[in-house]
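As a plain string of letters, each chain reads:
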Amino acid sequence: MGNGKVYATVVLIRLIYAGMHILTKASFNEGTSTTVFVFYRHAVAAIFLLPFAFIEIRKKPAPPLNFKLTAKIFAHAFYGMAGTINLYCIGLKYASATSSSAIFNIVPVVAFILAVMFRMETLKLRSVHGLAKASGILLCVGGVIVLALYEGPELKSMNHHQLLQHHASAAAAHVHSKKEWALGIFLMTTSVVIWSFWTVKQGPLLLEYPSKLLNTTLQCVFASIQSFVIALVLERDFSRWKLAGAVSLASVLFTGIVVAAISYYLQIWVIEKKGPVFLSMSMPLSLVFTMAIASFLLGEDVSLGSIIGSVLLVAGLYNVLWGKSREEKQAANGRDGAGGDGDGDVERNAAAVQPADGETTEEEEEKKDRRDVDAAAKV
């Protein structure tokens, strides 16, 4: 029953992320500005989290926060939330919800590459697990390249009456030049790389400021301020600050509350129950859900290039995860073997020190000779 709850939660998490890709794309199809959307999203997340942060502070005093640490949290919020989500949203505007979900599969792979660069992980190319991880990285790179540069024939959507398609922008939603599509894939890939770096750096940051809730709340507050400034600079037409319709409002509320707050808690719960690898292995479910739902709700046509690129990305993800799992098993077996050998060495060393039966050490022989001399002197 416990495993059933975990599996159901994982499916719910992947449905949430599929909903994020689809609703965000639908809001842009509706005409909402990307920078304004990001500001509203972070503002909603901050407003939602602030009451819980105040309750946390009343229960337990907040960790001390000096200027240096505040500046560090501010910087993490800028590149990891405000900056990367702006890049992601601009890229999504030029590409599709399916391609966006596919690219998210490289998050664990990029995190692994960064961990190798920071010497938190190893990559031994002479071992089977090292070759698996290296091939996984290459497959992911190939998947991104295929997504960006190869389109191929399209598999037409079975639904011709899109529920979330804004009629005024129907043509614009489907027709992107190859340059726009490639730019969209590039921007989304860049945002995922930056976000992966942000996730890797959260560990050291939590050591300095251990409260997860207050840390997240502060970053959301800072990100909303930063996103406001970015939107103010890039979107001078204040008529564009109004959400284009009901879909955009639903998308802002969904991404700000459900994605930023609720799914975060659910993911921590799953990691505690089954570990991070189990959660990472479920990521392709978001791609499947997004592909199916986007075809029905947005009427997205899936190209052969998107399918091939997605398969390569998923294969790369599983290669890296399999290699990592194999490496951990070998390390565990090595420790067990080393422990056994170590015990044998201790026993052999102990046997070497102990004299054999019927034999004495040189020191004991000297003591015996002295006793004999003393006895003779007394006589």
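From a predicted model like this one, the values you see are computed outputs, not experimental measurements.

A.B. asks: Please provide a residue-by-residue account of the overall build of the protein chain, values included.
C.D. replies: When helices and strands are tallied, the protein chain shows 14 helices and 2 strands. Here the protein chain holds 379 residues, and the buried ones make up 43% of them. Sequence separation of 24 or more characterises 89% of the internal contacts of the protein chain that already satisfy a separation of 6 or more.

A.B. asks: Pulling in residues and values, what's your account of the environment of Leu 131?
C.D. replies: Among the structural elements, Leu 131 can be located in helix α6 (residues 128-149). Considered as a pair, Leu 131 and Asn 319 are 188 residues apart in the sequence and their alpha carbons are 9.1 Å apart. If near-sequence neighbours (up to four positions away) are discounted, Leu 131 is found in contact with Lys 124 and Leu 125.

A.B. asks: Account for a nonpolar patch on the surface, with residues named and values stated.
C.D. replies: Residues Ile 225, Phe 228, Val 229, Leu 232, Val 233, Leu 234 and Phe 238 make up a contiguous nonpolar surface patch of roughly 660 Å² in combined accessible area. Mapped onto the secondary structure, Val 229 falls in helix α9 (residues 212-234). A relative accessible area of 45% means that Val 229 is categorised as partly exposed.

A.B. asks: Which residues make up the pattern of salt bridges, and what are the values?
C.D. replies: Counted by the stated rule, this structure contains 4 salt bridges. One salt bridge connects Glu 327 with Lys 133, and the closest N-O pair in it is separated by 2.7 Å. In this pair, Glu 327 sits in helix α13 (residues 304-353) while Lys 133 sits in helix α6, placing the two residues 194 residues apart along the sequence. One exposure class covers both Glu 327 and Lys 133, and it is buried. The salt bridge partner of Lys 324 is Glu 328, with a shortest N-O separation of 3.9 Å. Here the residue Lys 324 and the residue Glu 328 both occupy positions in helix α13, the gap between them amounting to 4 residues, near one helical turn.

A.B. asks: Could you give me a rundown of the packing of helix α2 (residues 34-59) against helix α10 (residues 246-274), with the residues and numbers involved?
C.D. replies: At their nearest, the axes of α2 and α10 sit 8 Å apart, and the two run at 50 degrees to each other. Between α2 and α10, the crossing angle belongs to the class labelled oblique. In the crossing of α2 with α10, the sense of the turn from one axis to the other is right-handed. Contacts between α2 and α10 pair Phe 37, Tyr 40, Arg 41, Val 44, Ala 45, Phe 48 and Leu 49 from the former with Ser 248, Ser 251, Val 252, Leu 253, Thr 255, Gly 256, Ile 257, Val 259, Ala 260 and Ala 261 from the latter. Looking at the contact of α2 with α10 residue by residue, the classes come out as 12 nonpolar, 4 polar and 1 charged.

A.B. asks: Can you lay out the side chain of Thr 35 for me, pointing to particular residues and giving the numbers?
C.D. replies: In this fold, Thr 35 is placed in helix α2. Taking relative accessible area as the criterion, Thr 35 reaches 5% and is therefore assigned buried. Excluding residues that lie within four positions of it along the chain, Thr 35 makes contacts with Asn 86, Ile 230, Ala 231, Leu 234 and Glu 235.

A.B. asks: Report on the environment of Ile 113, specifying residues and quantitative values.
C.D. replies: Considering the arrangement of structural elements, one finds Ile 113 in helix α5 (residues 107-117). Sequence separation between Ile 113 and Phe 197 is 84 residues; the distance between their C-alpha atoms is 9.7 Å.

A.B. asks: Got a sec to walk through helix α3 (residues 67-94)? Specific residues and values, please.
C.D. replies: Between its first and last C-alpha, α3 extends 39 Å over 28 residues, near the 40 Å set by a 1.5 Å rise per residue. The largest bend along α3 measures about 35 degrees and falls at Phe 78. You can read the cap of α3 off the contacts: a side-chain oxygen lies 3.3 Å from the backbone nitrogen of Lys 68, and it is on Asn 66.

A.B. asks: Describe in detail the nonpolar core, supporting the description with residues and values.
C.D. replies: In terms of nonpolar packing, the biggest core is built from 49 residues, with Ile 106 and Ile 185 touching the most fellow members. Residues within four places of Ile 185 in sequence aside, it is in contact with Ala 95, Ser 99, Ile 103, Val 144, Leu 147 and Ala 148. Residues Leu 49, Leu 69, Trp 198 and Tyr 209 belong to the second largest nonpolar core, which totals 17 residues.

A.B. asks: I'd like to hear about the packing of aromatic side chains, residue by residue, with values.
C.D. replies: Counting across every chain of the model gives 12 aromatic pairs. For the pair Phe 28 and Phe 37, a centre-to-centre distance of 5.4 Å together with 75 degrees between the ring planes defines the contact as edge-to-face. Like Phe 37, Phe 28 is buried. Aromatic ring contacts, followed pair by pair, group Phe 39, Tyr 40, Phe 228, Phe 238 and Trp 241 into a single cluster.

A.B. asks: Describe the confidence of the model for the protein chain, with residues and values.
C.D. replies: Mean pLDDT over the protein chain: 80, with 82% of residues reaching 70 or higher. For the protein chain, helix α7 (residues 170-174) is the element with the lowest average pLDDT, namely 44, and α3 is the one with the highest, namely 93.

A.B. asks: So what's going on with α5? Which residues, and what values?
C.D. replies: The buried count for α5 comes to 8 of 11 residues, which makes it a mostly enclosed element. All of the buried residues along α5 are Val 107, Pro 108, Val 109, Val 110, Ala 111, Phe 112, Leu 114 and Ala 115. Looking one or two places after α5, you find Arg 119, whose phi comes out positive at around 60 degrees.

A.B. asks: Give a detailed account of the packing of α3 against helix α8 (residues 178-208), specifying residues and quantitative values.
C.D. replies: Put simply, α3 and α8 touch, their axes get as near as 8 Å, and they point 160 degrees apart. Considering their axes alone, α3 and α8 lie roughly antiparallel with respect to each other. Handedness of the crossing formed by α3 with α8: left-handed. Within the contact of α3 with α8, the residues separate by chemical class into 19 nonpolar, 8 polar and 4 charged.

Conventions adopted
Residues numbered from 1 in each chain as written. Predicted model: local features only at pLDDT ≥ 70, side-chain atom pairs only at ≥ 80, totals over all residues. Heavy atoms only, no water. Helix = DSSP H or I, 4+ residues; strand = E, 2+ residues; numbered from the N terminus. Buried < 20%, exposed > 50% of the residue type's maximum accessible area, 1.4 Å probe, protein only. Contact = heavy atoms within 4.5 Å. Patch = residues over 30% accessible without salt bridge, like charges linked within 9 Å, V, L, I, M, F, W, Y side chains within 5 Å. Areas by Shrake-Rupley, 256 points an atom, 1.4 Å probe, with all protein chains shown as cover. Salt bridge = Lys/Arg side-chain N within 4 Å of Asp/Glu carboxyl O. Axes fitted to C-alpha atoms, helices over the stretch in contact; angles between N-to-C directions. Parallel < 35°, antiparallel > 145°, perpendicular 65-115°, else oblique. Left-handed = near helix turned anticlockwise from the far one by under 90°. Nonpolar A, V, L, I, M, F, W, Y, C, P; charged D, E, K, R; others polar. Expected span 1.5 Å × (residues − 1). Bend = angle between axes of the 7 residues up to and from the residue. Polar contact = N/O pair within 3.5 Å; in protein donor to acceptor, adjacent residues only side chain to side chain. Core = buried A, V, L, I, M, F, W, Y, C linked by side-chain atoms within 4.5 Å. Phe/Tyr/Trp six-rings, centres within 6.5 Å; stacked < 30°, edge-to-face > 60°. pLDDT = per-residue confidence, 0-100.

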